[in-house]
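# Results of the structural survey
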Amino acid sequence: MKYKFLFAVFSCFLHESFAQQNAAPIYYNNRFAIYADSIVQDKRFTAKALSTIEIASNYKSPSKEFPTTKVKFKFTLNGSIIEMKAFSDHHFNISKDNDETPIIKFGEELIDTTTAETPLKPDSKLKIRVDLSPVLNDFKTKGFYVSYDHDTLFAKDFKAVYVGGETLPMSWNFAQLYTIPQLELKDDDKDGIYETVVSFNPSNSLARKFNKDVTAFPQYRSSHSILNAVYNLALEEMINAVEKDSTFRTGIDWPGVWTRDISYSIILSMATLQPKVAMNSLMKKVTKKKRIIQDTGTGGSYPVSSDRMIWAVAAWEVYKVTGDKDWLQQIYPIIKNSVEDDMQNVYDAATGLVRGESSFLDWGNTQTYPKWMQPLDVYSSLNLGTNVVHYQANNVLAQMAILLSKNKDAKKYNANAAKIKAAVNKYLWMANKKYYGQYLYGRNYKIISPKAEALGEALAVIFDVANEAQQKMLVANTPVTDFGITCIFPQIPDVFAYHNNAVWPFVQSYWTMAAAKSGNEKAVLASMAAVWRPAALFLTNKENFVAQDGDYNGTAINSSNMLWSLAGNLSLVHKVLFGIEYAADKLLFHPFVPKALQDTRILNNFPYRNSILNITLVGYGNRIKSFLLDGKLLSKNEIPASLKGTHSIKILLDNVDMIAAPVNNVGNDFAPATPIVNFKNDSLAWSTITGDIAYDIYKNGNKIVTTKQHALVVTDKGYSEYQVVAIDAKHYESFASEPLEVADKKRAVTYEAESFTPVSSLPYKGFSGAGFIETSKTINATIAFNITIPEAGYYAINFRYANGNGDLGQENKAAIRTLLLNNKKCETIVFPQRGKDVWNNWGFSNAAKIYLPKGKQQFNLTFEPVNENMNIVINQAMIDYIRITKLD
């Protein structure tokens with residue numbers, strides 16, 4: 001009866017919402033519309049505010065609409081050892097009388113042919129059981145288990161068994177099953193039979209009523225009831241996101257504190273709303289040696305990933321909010337130490353840019369980099385977002401130094417910031433597209449990836465890396481889709497949705513702030529709508545959604561109650577509509593209210609240091625007509641940090657239409673596939689890409705020809721690197737092919753490492769020569785080698801190595817060393833992880849490109865204190881040989 005009643009209520013308001021469409025919506029595009037009290041998508045899904053603390057939604061994920069009783073699945077050990085080969089799966093048909101599998105022997109396929117499959121009823125449950133004795137017996141007798149595809153799992157490394165499959169909440173992305181607790185099977189009675197109960201096809205949530213007491217936080221009111229409710233939903237979920245230890249939980253499916261997540265969330269709104277929790281969370285991401293902890297990323301975390309410096313920007317935001325001088329004293333040495341380390345490990349002397357993986361886009365070549373790129377190539381790339389983060393980290397560090405009377409430091413870090421900013425504009429600004437490129441990438445010679453990178457573009461505007469003219473061009477020209485701005489554009493073909501082919505609400509919120517800063521009303525309204533739509537329809541602040549259809553299902557992972565998504569939602573009110581901006585010694589206001597949202601809106605109980613502000617904002621526009629504090633007209637739109645007590649602020653906007661600026665709204669397009677190039681008989685040849693395609697050919701980072709052919713004769717006698725880029729009819733470019741070296745073999749000379757240091761006795765295979773050597777913090781921490789250079793010139797020096805201390809996307813054990821030439825540093829050399837316990841997989845480190853005079857040269861590869869990684873204890877690699885290649 002309860003559900004019948006709710007369905008009746010829902011049908012009534014759904015009918016009312018469709019009737020409303022005769023009235024002008026606040027916003028609409030080809031896919032959805034926003035009204036004062038509801039949001040409607042595709043004329044079939046509606047979310048409606050029943051009150052300021054309740055939203056009803058009939059949204060149903062299209063991928064969930066028609067599941068059947070026939071489920072396919074298989075088991076995985078640790079998310080990495082797969083039970084059976086592809087297309088060999090367990091099949092089971094769920095029914096009222098058949099809701100428990102028989103005990104399935106691990107590795108033996110279960111086929112259920114009992115009945116024909118039928119539509120799956122809502123909230124169906126299945127108890128899944130597996131007999132793990134084939135694995136456990138091998139652990140007991142041999143100490144390890146070998147899978148069908150010859151992967152080895154040692155008994156000591158066994159952590160858990162999961163079930164994955166094609167029916168949600170299962171997926172075939174085995175590495176991420178651990179994020180969904182019900183997919184882990186447990187053996188509570190220790191009989192070797194592991195089991196779990198999985199719920200399928202959850203019934204649609206008709207309404208969500210918020211039950212947390214949020215009165216301690218700023219209270220928002222407007223005449224747009226759906227937007228009031230979405231704001232309160234974010235406050236509710238913010239309270240849910242605070243752990244018992246008074247730190248932020250990243251999301252329902254993401255326990256613990258993550259450096260980049262909390263930092264971006266704190267900048268958006270958590271510094272304002274939860275400053276103490278923000279402080280606790282930030283300090284949880286600091287090492288004992290007072291360095292910022294880099295989150296996991298490609299190839300073993302730092303320095304392959306280097307976006308930890310967003311912590312500095314967040315910590316500074318907390319200071320601006322609180323004015324806490326003790327906090328300033330605490331964070332300054334942490335940020336300074338981290339910047340100093342980065343100057344040695346990730347700053348690129350040749351360009352002035354900073355190396356490292358894209359900020360937050362941390363899945364390497366599975367998502368936002370070409371597949372040929374190894375972790376080492378990711379480290380060597382020079383990314384927009386990461387560079388803007390490092391620019392702002394130096395900028396805020398200089399501001400802190402001034403407050404602490406450290407003028408020499410201030411000068412140094414201001415110079416660092418200026419150098420990075422100049423380099424970003426020199427190497428990454430694309431005048432033809434009027435926005436920045438994604439990154440420079442390649443090997444010894446780099447080219448630009450012309451994809452737009454949403455977060456980097458937004459931060460370049462917000463932090464003033466782009467000048468005022470660039471800001472306007474960038475916001476007007478960066479591609480956006482109906483459902484929002486995608487993490488990158490265009491998308492990469494044949495890559496699943498997560499960072500690729502996806503919109504992330506927190507990024508959308510930064511884009512909104514950038515659009516407001518540039519004065520683009522149309523972009524601001526569309527961007528706000530792209531944040532409000534999913535929160536209202538999904539009844540939670542999801543981590544991301546698929547750009548193609550706007551659905552929360554279909555990405556690799558997608559948590560509810562996501563911290564940075566809810567923080568971004570709240571920031572639309574605080575930092576955009578009310579335009580609240582913190583300075584070190586005052587609070588400023590730069591409201592931005594699109595004409596479609598003109599209103600009298602209230603923000604009460606807003607905290608600022610020792611004061612409480614009750615703010616009224618009237619009208620529309622981005623220019624203030626009058627600014628009153630306690631009824632007194634002020635000449636400046638700001639209040640001092642010294643203000644105490646409760647006060648009222650009234651802001652009247654001028655209600656003058658803003659200068660129209662365009663938005664580059666596009667379809668969610670995909671770039672061509674990456675060509676594969678080979679060299680034979682003095683000719684380059686590459687794979688054919690389907691469609692109307694031309695090819696740009698690059699030599700040593702410079703485009704030399706455009707052709708529709710699939711081959712090119714080359715007559716190089718020196719050293720050259722060639723790459724091929726495919727271009728389709730819409731002028732979208734593929735990633736460049738893997739750099740292909742064309743050179744006389746005599747140009748590359750190798751020197752066996754064991755010729756300089758005693759050979760290791762470790763039982764690894766695949767090396768050349770008589771063996772290899774080990775380097776760690778205690779073994780061969782310094783390796784000396786003298787080499788006679790036959791001819792003066794520019795050379796690339798790198799090392800063939802192995803690092804099996806972690807897989808490509810987890811752990812924090814990238815090895816780092818400093819290369820000295822005649823006792824002077826010439827480069828940081830990085831040996832990223834290449835696979836967990838995989839020590840027979842050899843690859844190359846990054847290369848030091850340096851000028852070498854003729855004659856005997858003394859080299860030292862040494863572990864310096866600045867070369868600490870995030871693990872601190874393990875900093876190890878095996879080195880096979882040194883390779884020295886003459887480039888000119």
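Our subject is the structure that appears above.
Below: a short report on this structure. (Residues numbered from 1 in each chain as written. Predicted model: local features only at pLDDT ≥ 70, side-chain atom pairs only at ≥ 80, totals over all residues. Heavy atoms only, no water.)

Each helix and strand counted, the chain has 15 helices and 51 strands in total. Taking 2.2 N^0.38 as the reference for a compact globule, 888 residues should give roughly 29 Å; the C-alpha atoms of the chain span a radius of gyration of 29 Å, in line with that estimate. For the chain, the spread of C-alpha atoms along the principal axes amounts to about 80 × 75 × 55 Å. Taking all 888 residues of the chain together, the buried fraction comes to 59%. (Helix = DSSP H or I, 4+ residues; strand = E, 2+ residues; numbered from the N terminus. Rg over C-alpha atoms; globule rule 2.2 N^0.38 Å. Buried < 20%, exposed > 50% of the residue type's maximum accessible area, 1.4 Å probe, protein only.)

Before going further, it helps to examine the sheet that holds strand S50 (residues 855–862). Sheet strands pair via backbone hydrogen bonds, and the direction of the pair is either parallel or antiparallel. Ordered by their spatial adjacency, 4 strands build an open sheet running S44-S50-S46-S47, and the pairing between neighbours is antiparallel. Of all the strands in the sheet, the pair left with one neighbour each is strand S44 (782–789) and strand S47 (824–831). Put simply, the sheet's adjacent strands are angled 25 degrees from each other on average, direction ignored. (Pairing = 2+ DSSP bridges. Axes fitted to C-alpha atoms, helices over the stretch in contact; angles between N-to-C directions.)

Aromatic ring pairs are defined here through the distance separating the ring centres and the angle between the ring planes. Enumeration over the complete set of coordinates arrives at 47 aromatic pairs. For the pair Phe 589 and Phe 627, a centre-to-centre distance of 5.3 Å together with 50 degrees between the ring planes defines the contact as tilted. Of this pair, Phe 589 sits in strand S28 (residues 586–589) while Phe 627 is found in strand S31 (residues 624–629), placing the two residues 38 residues apart along the sequence. Each member of the pair, Phe 589 together with Phe 627, is buried. Put simply, the rings of Tyr 264, Phe 360, Trp 363, Phe 496, Tyr 498, Trp 504, Phe 506, Tyr 510 and Trp 564 pair up and form one aromatic cluster. The residue whose ring lies beneath Arg 533 is Phe 545, and the NZ or CZ to ring-centre distance is 4.8 Å. (Phe/Tyr/Trp six-rings, centres within 6.5 Å; stacked < 30°, edge-to-face > 60°. Lys NZ or Arg CZ within 6 Å of the ring centre and 35° of its normal.)

A few words now on the pattern of salt bridges. This structure, assessed with the given rule, holds 39 salt bridges. The residue Lys 74 makes a salt bridge to Asp 89 at a minimum N-O spacing of 3.3 Å. Here Asp 89 lies in the loop between strand S7 (81–82) and strand S8 (90–93) and Lys 74 lies in strand S6 (residues 70–77), a separation of 15 residues in the sequence. With respect to class, Lys 74 is no different from Asp 89; both count as buried. It is possible to trace a salt-bridge network through shared partners that takes in Arg 260, Lys 285, Asp 295, Asp 307 and Asp 362. (Salt bridge = Lys/Arg side-chain N within 4 Å of Asp/Glu carboxyl O.)

Attention now goes to unusual backbone geometry. Of note, the amide linkage connecting Leu 168 to Pro 169 takes the cis form, showing an omega dihedral of 10 degrees. With respect to the helices and strands, the residue Pro 169 is situated in the loop between strand S13 (161–165) and strand S14 (184–185). Not every positive phi belongs to a glycine, and Lys 290 is a case in point at roughly 60 degrees. Tracing the chain through its elements places Lys 290 in the loop between helix H5 (275–283) and helix H6 (310–322).

For the pair helix H3 (residues 225–240) and helix H15 (residues 563–577), the least separation of the axes is 9 Å and the interaxial angle reads 135 degrees. When the axis of H3 is compared with that of H15, the two are oblique. Regarding H3 and H15, the two cross each other, and that crossing is left-handed. Of the residues in H15, those in contact with Val 230, Tyr 231, Ala 234, Leu 235, Glu 237 and Met 238 of H3 are Leu 566, Asn 569, Leu 570, Val 573 and His 574. (Parallel < 35°, antiparallel > 145°, perpendicular 65-115°, else oblique. Left-handed = near helix turned anticlockwise from the far one by under 90°. Contact = heavy atoms within 4.5 Å.)

Turning our eyes to something else, we now look at the sheet that holds strand S30 (residues 611–619). In spatial order, the strands read S17-S29-S30-S34-S31-S32; together these 6 strands make up an open sheet with mixed pairing. Every interior strand has two partners, whereas the edge strands, strand S17 (219–221) and strand S32 (632–633), have only one. Of the pairings in the sheet, the one linking strand S29 (residues 599–608) to S30 comprises 8 bridges and is antiparallel in character. The residue bridging Pro 607 from the neighbouring strand is Ile 612, located in S30.

Among the residues of helix H2 (residues 133–142), those classed as buried are Ser 133, Val 135, Asp 138 and Phe 139. Residues of H2 that are buried sit in contact with S6, strand S9 (104–105), strand S10 (124–131), strand S11 (144–146) and strand S12 (152–154). Downstream of H2 by a residue or two, Gly 143 has a phi angle that is positive, lying close to 90 degrees.

Attention now goes to the packing of helix H4 (residues 259–273) against H15. Contact geometry of H4 with H15 gives a least axis separation of 8 Å together with a crossing angle of 35 degrees. Two packed elements cross with a definite hand, and for H4 against H15 that hand is left-handed. Here H4 contributes Arg 260, Asp 261, Ile 262, Tyr 264, Ser 265, Ile 267, Leu 268, Ser 269, Met 270 and Leu 273 to the contact with H15, which in turn contributes Leu 563, Trp 564, Leu 566, Ala 567, Gly 568, Leu 570, Ser 571, His 574 and Lys 575. Split by residue class, the contact of H4 with H15 holds 11 nonpolar, 5 polar and 3 charged. (Nonpolar A, V, L, I, M, F, W, Y, C, P; charged D, E, K, R; others polar.)

So, on to the nonpolar core. Grouped together as the largest cluster of nonpolar side chains are 191 residues, with contacts concentrated most on Met 270, Ile 335, Tyr 436, Phe 506, Tyr 510 and Ile 615. Judged by nonpolar contacts, the second largest core, of 33 residues, contains Phe 73, Leu 126, Phe 139 and Val 163. (Core = buried A, V, L, I, M, F, W, Y, C linked by side-chain atoms within 4.5 Å.)

This part covers the side chain of Thr 298. When you line up the elements, Thr 298 lands in the loop between H5 and H6. Here the side chain of Thr 298 touches Gly 364 through a polar contact of 3.1 Å, landing on its backbone nitrogen. Ignoring sequence-local partners within four residues, the contact set of Thr 298 consists of Val 304, Ser 305, Glu 357, Asp 362, Trp 363, Gly 364, Pro 375, Val 378 and Leu 808. (Polar contact = N/O pair within 3.5 Å; in protein donor to acceptor, adjacent residues only side chain to side chain.)

A separate point is the environment of Tyr 194. With respect to the helices and strands, the residue Tyr 194 is situated in strand S15 (residues 193–200). Considering only alpha carbons, one finds Tyr 194 and Val 130, 64 residues apart in sequence, at a separation of 5.3 Å. Residues within four places of Tyr 194 in sequence aside, it is in contact with Ile 128, Arg 129, Val 130, Leu 132, Leu 136, Phe 158, Val 161, Leu 185, Lys 186 and Asp 187.

Glancing now at helix H11 (residues 454–462). For H11, a buried count of 9 out of 9 residues is recorded, marking the element as mostly surrounded by other parts of the structure. Taken as a whole, H11 has its buried residues at Ala 454, Leu 455, Gly 456, Glu 457, Ala 458, Leu 459, Ala 460, Val 461 and Ile 462. As for H11, its buried residues are in contact with H4, helix H9 (384–403), strand S20 (435–436), strand S23 (452–453), helix H12 (468–477) and helix H13 (505–518). Immediately beyond the C-terminal end of H11, within one or two residues, lies Asp 464, with a positive phi of roughly 65 degrees.

Right, let's get into the environment of Ile 882. Turning to its location among the elements, Ile 882 is positioned in strand S51 (residues 877–886). Sequence separation between Ile 882 and Glu 581 is 301 residues; the distance between their C-alpha atoms is 53 Å.

The subject of this paragraph is the environment of Met 343. Mapped onto the elements, Met 343 comes out in helix H7 (residues 325–345). For the pair Met 343 and Pro 594, spaced 251 residues apart in the sequence, the C-alpha separation amounts to 42 Å. Aside from chain neighbours lying at most four places away, what touches Met 343 is Lys 412 and Asn 416.

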